[in-house]
Amino acid sequence: MQSPTPPAQEQQQLVLRIRNSAHSHRESASEEEREDEEASRTALSTFRAKEEEIERKKMEVREKVFAQLGRVEEESKRLAVIQKELEAMADPTRKEVSAIRKKIDAVNRELKPLGYNCLKKEKEYKEALEAFNGKNREKAQLVNRLIELVSESERLRMKKLEELGKTVDSLR
């Protein structure tokens, strides 16, 4: 591909041609008109060529941009796949661990009221045990007192019987 003449240089040449044609005293008016026409056509074709060149370069840049965007999208997809693989490599049992943690949390929520209930029942049991032991001690004291009373009563009755037996023996 040939590199086009720089726009500034072509414009300078065009201006020189126009000046030369306008200032030339040797040429006739018709020749000047022809040259002016030729210069106008040259300027117009140069302008059109420049426009076409600009449009062609614009299309090339657009194609390059779209190609680059396509590559960027592909790379983004590849990076997303790589990121997922890295996450999977970092903790392959993450889902399982998460599920177990959720189960542990659920069991903890169930344990809390059960623990409270257990403490309440233990307190009730201790109170009932203390009441039971207190009544057992009271019963033991009463039984001991009963035994003492019965023993005293038997001793007194035996003493009375002995006295009565002596009285009956003395009557005989």
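Remember, predicted model here, so these are calculated numbers, not experimental data.

Visitor: It is not clear to me how the overall build of the chain should be interpreted in this structure. Could you clarify?
Guide: Across its full length, the chain holds three helices and zero strands. For the chain, with 172 residues in total, the buried portion stands at 4%.

Visitor: What is the right way to look at a nonpolar patch on the surface in this model?
Guide: A cluster of nonpolar side chains, namely Val61, Val65, Phe66 and Leu69, defines an oily patch on the protein surface of about 370 Å² accessible area. Inspection of the secondary structure assignment puts Val65 in helix H2 (residues 29–90).

Visitor: What's the story with the pattern of salt bridges in this structure? I'm lost.
Guide: One pass over the full model with this rule turns up 11 salt bridges. With its nearest N and O atoms 4.0 Å apart, the salt bridge here joins Lys57 to Glu53. Here the residue Lys57 and the residue Glu53 both occupy positions in helix H2, the gap between them amounting to four residues, near one helical turn. The partner of Glu74 in a salt bridge is Arg78, and the shortest N-O contact between them spans 3.8 Å. With Glu74 and Arg78 both in helix H2, this residue pair falls four residues apart, about one helical turn. Its relative accessible area of 44% is what places Glu74 among the partly exposed residues. Within the structure, one salt-bridge network assembled from shared partners comprises Glu53, Arg56, Lys57 and Glu60.

Visitor: So what exactly am I meant to see when it comes to the confidence of the model for the chain here?
Guide: Detailed reading of the predicted coordinates is not advisable wherever pLDDT falls low. When pLDDT is averaged across the chain, the result is 85; 86% of the residues are at 70 or more. Taking the mean pLDDT of every element in the chain, the minimum, 67, falls on helix H1 (residues 7–23) and the maximum, 93, on helix H3 (residues 94–171).

Definitions and limits used
Sequence order as written defines residue numbering, which begins from 1 separately in each chain. Thresholds applied to this predicted model are a pLDDT of at least 70 for local features of residues and 80 or more for the giving and counting of side-chain atom pairs; totals over whole chains, interfaces and linings are not thresholded and use all residues. To obtain the side-chain values, all non-hydrogen atoms of the structure were used and water was disregarded. Numbering of helices and strands starts at the N terminus; helices are DSSP runs of H or I of at least 4 residues and strands are runs of E of at least 2. Each residue's exposure class comes from its accessible area (1.4 Å probe, protein chains only) as a fraction of the maximum for that residue type: buried when under 20%, exposed when over 50%, partly exposed otherwise. A patch consists of residues exposed above 30% relative accessible area that lack any salt bridge, with like charges linked at up to 9 Å and nonpolar side chains (Val, Leu, Ile, Met, Phe, Trp, Tyr) linked at up to 5 Å. All accessibility values rest on the Shrake-Rupley procedure with a 1.4 Å probe; residue burial counts only the protein chains present in the view. One side-chain nitrogen of Lys or Arg within 4 Å of one carboxyl oxygen of Asp or Glu is enough to make a salt bridge. Scored from 0 to 100, pLDDT records how confident the predictor is in each individual residue.

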